[in-house]
Amino acid sequence: MTTTDAEETPVVPKIGEELLSVDGLVKHFPIRKGLLQRQVGAVQAVDGLTFNVTRGETLSLVGESGCGKTTTGRLLTRLLEPTAGKIVFEGRDISHLSEGRMRPLRRDVQMIFQDPYGSLNPRHTVGKIVGAPFRLQNVKTEHGVKRAVQELLELVGLSPEHYNRYPHEFSGGQRQRIGIARTLALRPKLIVADEPVSALDVSIQAQVVNLLEDLQEEFDLTYVMIAHDLSVVRHVSDRVAVMYLGKIVELADRVSLYEKPMHPYTVALLSAVPVPDTKRKAKQERIRLQGDVPSPINPPPACRFHTRCWKAQEICKTTEPPLIELKPGHQTACHFPENVDAPAAKAEPAS
Amino acid sequence: MSEPIEEVQDAPVQRLERGDAFLDVRDLKVHFPTDDGVVKSVDGISFQLERGKTLGIVGESGSGKSVTSLSIMGLHPPGVANISGQIFLDGQDLVTSTREEVRLLRGKRMAMIFQDPLSAMHPFYTVGTQIVEAYRVHNDVSKQVAKKHAIEMLDRVGIPQPDKRVDAYPHQFSGGMRQRAMIAMALSCDPDLLIADEPTTALDVTVQAQILDLIRDLQREFNSAVIIITHDLGVVAELADDIQVMYAGRAVEYSTAEDIFDRPQHPYTWGLLGSMPRIDRERTERLIPIKGTPPSLINVPKGCAFNPRCNYAHLNGGASETDRPELLDTGNGHLVACHLSPQERQKAWETDIKPKL
């Protein structure tokens, strides 16, 4: 794998430097009706996200289904075009780049998909699948594509002999490895991994998690991980963004988020995780959230969580809480955050 | 199949007498003949379950968990599976019963919650109609009464505005609500045995917590026996009294939930516990996965099916590769199918495994 080194080396990657920044990202999917296909509404899948990803870190987006985490992933890789807002990758605004202008950037931003069955073409051999990026990007490899692919296969823990096999001959975990090999082919800088392990068995899940960590170390990869399993997220992430109905409600480093969650939604999410310990069963107090996530077509006004929040008061229904830093590196969008040290707490408006 | 008959006679040696338990599964084997060979999905499992108790069946995909539950429910199409062994539900053997007899048991005596409510519910009928249908099979009541019952059940499982929702179609429900509706359907006749096959796998964690609470509350209320099938050790820890760990169609460990989590004995159970990141413990630098992949059920490894993936197989002087270990009691009803001697197992657990979990 010495293929793309030459192009990457000019910019010496520095850990801690900003790789990607997102500002006010919005994606609304229009709902059209009638003969004239007039727009009657919009699914507000992502509604104003602002965050940065620094080089070498793993940022996880967590939340329940329908909170917009997958849409965010697709926006970052520009598989979707944002309705508003800016995505800046390595200092370059990529929010509205055309397909053709985007193509050279695709080698730097890659994606791992959730479903290892749907994301590999069943009619192509492993060699063709993993070698496709080289062909599409016209990358010359030193010893030919086959050699490069075989090196990639070894890298992800498969054997080079698998080159001529077809995806159906592999188990789910092995397929996910094939997908990861393809992702790594062009040595991307940023990998958006959409639920990379949730379709896998527990024992295989651990293998793939370890593989992703090893690869990150070896190639200085930056991950944006999209996941719903909070235990896995805690294991892999440096920072975590909790999303609810298209907005980030809390963004913090791993330790601070898991030990002192501030947003009530995060608190509820964490308390809902079943713990494999029978002794905890009795004493564990769980915050039971009522009902389901409201529809993103018609989200609740102001704080979107107020319909299910046990701390909600009048102000939550009228004023949207901004995402502000309550503690260094810990942003929360809530009028009545939890776990706030007394001096740091902002003056809570009486209601 | 001739061999199962011999083994049935062996089975009671390690098991209680017939008819003691509400559900008594003995040496159940479910084999599927295919063009590539016989798929031994379930290859001799035995367990018992009392009313009011919950059994957790844990294992990876292909370990035979779901096939076991489908055989109890009698849901394998005729002629597809070769089922041998015995399944006693309150003294009645389900394996030798006719399909019609088993059909009458379904709903009233036993019911099942499936993993995917979207495909388990009929898209053409309203949720209410489907609950009413199940209820009227077992209860001679008018449609109005049955509908009222359906509304009560939907209310019981926490569906808002049940009197309106009863006329909605499954696609109009969210995932969590569909799962509740299916639970309402399964419970509409107060079944004595409830089988929940991955009931929360498709759900978000907050909804999962609601559903687990619901199953627990309803079990307390109706004193049902519950079998919960899952790959999520967290879920079984929440619900189960006893846990059976399955691997390649056989039980490798069976004990109380406390024992399985505090004193697990089988290397596979250790592997499962080491593979999952724990939210309740200090974060470890690395997970300890089980090497390799689950075996094909057509070509199960000789001897102990787990031996190619086991870190301790070499300690048994080759026995792991040749002899299949039986599920034996190691004391206090903790059953383990492993060749390791108790001392070695104790040592491995204390030194290698426990400190890293």
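Residues numbered from 1 in each chain as written. Chains lettered and ligands numbered in written order. Predicted model: local features only at pLDDT ≥ 70, side-chain atom pairs only at ≥ 80, totals over all residues.

1. Let's talk about the overall build of chain A
So, point 1. Tallying secondary structure elements over chain A gives 12 helices and 12 strands in all.
So, point 2. A globule of 351 residues ought to have a C-alpha radius of gyration of about 20 Å, and chain A, at 22 Å, matches this closely.
So, point 3. For chain A, the spread of C-alpha atoms along the principal axes amounts to about 70 × 60 × 45 Å.
So, point 4. In chain A, which comprises 351 residues, the share counted as buried stands at 44%.
So, point 5. Sequence separation of at least 24 residues holds for 65% of the intrachain contacts in chain A that already meet a minimum separation of 6. (Helix = DSSP H or I, 4+ residues; strand = E, 2+ residues; numbered from the N terminus. Rg over C-alpha atoms; globule rule 2.2 N^0.38 Å. Buried ≥ 20, exposed ≤ 12 C-beta atoms within 10 Å, placed from the backbone. Contact = placed C-beta atoms within 7 Å.)

2. Some thoughts on the overall build of chain B
So, point 1. Across its full length, chain B holds 14 helices and 12 strands.
So, point 2. For chain B, whose C-alpha radius of gyration is 21 Å, the value lies close to the compact-globule estimate of 21 Å for 357 residues.
So, point 3. Across its three principal axes, chain B shows a C-alpha extent of roughly 70 × 50 × 40 Å.
So, point 4. Per-residue burial over chain B gives 51% buried out of 357 residues.
So, point 5. Restricting to contacts in chain B with at least 6 residues of sequence separation, those with at least 24 account for 63%.

3. Thoughts on the sheet that holds strand E1 (residues 18-33) of chain A
Residues and elements named next belong to chain A.
So, point 1. Read from one edge to the other, the open sheet built from 4 strands follows the order E2-E1-E4-E5, with strand pairing classed as antiparallel. Since the sheet does not close on itself, it has two edges, and those belong to strand E2 (38-54) and strand E5 (92-93), each with one partner.
So, point 2. Sheet analysis places strand E4 (residues 84-89) next to E5, joined by 2 bridges and oriented antiparallel. Directly across from Val-88, in E5, lies its bridge partner Asp-93.
So, point 3. Running over the sheet, helix H2 (residues 69-76) touches E1, E2 and E4 and is turned about 70° from E2. (Pairing = 2+ DSSP bridges. Axes fitted to C-alpha atoms, helices over the stretch in contact; angles between N-to-C directions.)

4. Points about the packing of helix H7 (residues 202-219) of chain A against helix H12 (residues 267-275) of chain B
So, point 1. Where H7(A) contacts H12(B), the two axes come as close as 8 Å, and the packing angle between them is 45°. By the angle between their axes, H7(A) is oblique relative to H12(B). Every pair of crossing elements has a handedness; the one defined by H7(A) and H12(B) is left-handed. Residues A:Val202, A:Ser203, A:Gln205 and A:Ala206 of H7(A) pack against B:Gly271, B:Leu272 and B:Ser275 of H12(B).
So, point 2. Along the lines of polarity and charge, the residues of the contact of H7(A) with H12(B) split into 3 nonpolar, 4 polar and no charged. (Parallel < 35°, antiparallel > 145°, perpendicular 65-115°, else oblique. Left-handed = near helix turned anticlockwise from the far one by under 90°. Nonpolar A, V, L, I, M, F, W, Y, C, P; charged D, E, K, R; others polar.)

5. Brief notes about the pairing of strand E6 (residues 110-113) of chain B
All names here are of chain B.
So, point 1. Judged by which residues are buried, E6 turns out to be covered on both faces: Met-110 and Met-112 on one side and Ala-111 and Ile-113 on the other are all buried.
So, point 2. Both E6 and strand E7 (residues 193-197) contribute to a ladder of 4 bridges, which runs parallel. Looking at the pairing, Ile-113 lines up with Ala-196 of E7.

6. So, the UniProt feature "domain: ABC transporter" (unreviewed entry) in chain B
So, point 1. Feature annotation in UniProt assigns "domain: ABC transporter" (unreviewed entry) to the following positions: residues 25-273 of chain B.
So, point 2. In residues 25-273 of chain B, helix accounts for 41% and strand for 27%; the two terminal C-alpha atoms are 27 Å from one another. (UniProt positions renumbered as here; feature names shortened; annotations may be inferred.)

7. A look at the environment of B:His334
Residue and element names in this part refer to chain B.
So, point 1. With respect to the helices and strands, His-334 occurs in the loop between strand E11 (328-329) and strand E12 (335-336).
So, point 2. Sequence separation between His-334 and Leu-118 is 216 residues; the distance between their C-alpha atoms is 38 Å.
So, point 3. Not counting the four nearest positions on each side in its chain, His-334 is found in contact with Ser-255, Asp-259, Gln-265 and Asp-329.

8. Overview of the interface of chain A and chain B
So, point 1. Chain A puts 35 residues into the contact, and the matching count from chain B is 40 residues.
So, point 2. For the side of chain A that touches chain B, the elements supplying multiple residues, two or more each, are H7, helix H8 (230-236), helix H10 (264-272) and helix H11 (278-283) of chain A.
So, point 3. Per-element tally for the side of chain A that touches chain B: the top contributor is H7(A), with 8 residues.
So, point 4. Residue composition of the side of chain A that touches chain B, by class: 14 nonpolar, 12 polar and 9 charged.

9. Quick notes on the nonpolar core
So, point 1. In terms of nonpolar packing, the biggest core is built from 190 residues, with A:Val242 and B:Val236 touching the most fellow members.
So, point 2. Once you skip the residues sitting within four places of it in the chain, B:Val236 turns out to touch B:Gly56, B:Val58, B:Ile228, B:Thr230, B:Ile243 and B:Ala257. (Core = buried A, V, L, I, M, F, W, Y, C linked by C-beta atoms within 7 Å.)

10. Quick notes on the confidence of the model for chain B
So, point 1. Across chain B, the average pLDDT comes to 87, with 94% of residues at or above 70.
So, point 2. Of the two predicted TM-score estimates for the complex, the pTM is 0.84 and the ipTM is 0.80. (pLDDT = per-residue confidence, 0-100.)

11. A short note on the pairing of strand E11 (residues 324-327) of chain A
All names here are of chain A.
So, point 1. Here E11 runs beside strand E12 (residues 330-332); their pairing, made up of 3 bridges, is antiparallel. Each bridged residue has a counterpart across the sheet, and for Lys-327 the counterpart in E12 is His-330.
So, point 2. Hairpin connection from E11 to E12: 2 residues lie between these consecutive antiparallel strands, with Gly-329 at a positive phi of about 75°.

12. Some words on the sheet that holds strand E2 (residues 37-49) of chain B
Residues and elements named next belong to chain B.
So, point 1. The antiparallel open sheet is built from 4 strands, whose spatial order is E2-E1-E4-E5. The open sheet has two edge strands, E2 and strand E5 (92-93), and neither has a second partner.
So, point 2. Here strand E1 (residues 23-34) pairs with E2 via 10 bridges, running antiparallel. Each bridged residue has a counterpart across the sheet, and for Val-30 the counterpart in E2 is Val-42.

13. Focus on H2(A)
Residue and element names in this part refer to chain A.
So, point 1. The element H2 is extensively covered by neighbouring structure, given that 6 of its 8 residues are classed as buried.
So, point 2. Turning to H2, its buried residues are Lys-69, Thr-71, Thr-72, Gly-73, Leu-75 and Leu-76.
So, point 3. Once H2 finishes, Arg-78 follows within two positions and takes phi at roughly 55°, a positive value.

14. Considering the packing of helix H4 (residues 126-136) of chain A against helix H5 (residues 144-155) of chain A
All names here are of chain A.
So, point 1. One can describe the packing of H4 onto H5 by two numbers: an axis separation of 9 Å at closest approach and a directional angle of 110°. Between H4 and H5, the interaxial angle falls into the category roughly perpendicular. Here the hand of the crossing between H4 and H5 comes out right-handed. Between H4 and H5, the contacting residues are Gly-127, Val-130, Gly-131 and Phe-134 on the first element and Val-145, Lys-146, Ala-148, Val-149, Leu-152 and Leu-153 on the second.
So, point 2. Residue composition of the contact of H4 with H5, by class: 7 nonpolar, 2 polar and 1 charged.

15. Considering unusual backbone geometry
Glycine aside, a negative phi is what most residues show, and trans is what most peptide bonds show.
So, point 1. A positive phi angle is found at A:Asn138, which is not glycine, with a value near 55°.
So, point 2. Of note, A:Asn138 is situated in the loop between H4 and H5.
So, point 3. With 6 C-beta atoms packed within 10 Å, A:Asn138 lands in the exposed category.
So, point 4. One non-glycine residue with positive phi stands out, namely B:Asp90, at about 55°.
So, point 5. Looking at where B:Asp90 falls in the secondary structure, it is placed in the loop between strand E4 (82-89) and E5.
So, point 6. Its 16 C-beta neighbours within 10 Å are what place B:Asp90 among the partly exposed residues.

16. Structural notes on helix H6 (residues 172-184) of chain A
The α-helix winds at 3.6 residues per turn, so residues separated by three or four positions along the chain end up facing the same way.
All names here are of chain A.
So, point 1. Taking 1.5 Å of rise per residue, 13 residues should cover 18 Å, and H6 covers 18 Å from first to last C-alpha, within 8% of that figure.
So, point 2. Within H6, 12 of the 13 residues are buried, which leaves the element mostly enclosed by the surrounding structure.
So, point 3. Residues of H6 that are buried sit in contact with strand E6 (109-112), H4, H5, strand E7 (190-194) and H7. (Expected span 1.5 Å × (residues − 1).)

17. A look at the confidence of the model for chain A
So, point 1. Of the residues in chain A, 91% have a pLDDT of 70 or more, and the chain-wide mean is 87.
So, point 2. Across residues 1-11 of chain A, confidence stays below pLDDT 50; counting only partners more than four residues off in sequence or on other chains, it has 12 contacts.

18. Some points on the environment of B:Ile298
All names here are of chain B.
So, point 1. The topology assignment puts Ile-298 in the loop between H12 and helix H13 (319-322).
So, point 2. Through-space distance from the C-alpha of Ile-298 to that of Asp-36 is 7.6 Å; in sequence the pair is 262 residues apart.
So, point 3. In contact with Ile-298, other than residues within four places in its own chain, are Asp-36, Gly-37, Val-38 and Val-39.

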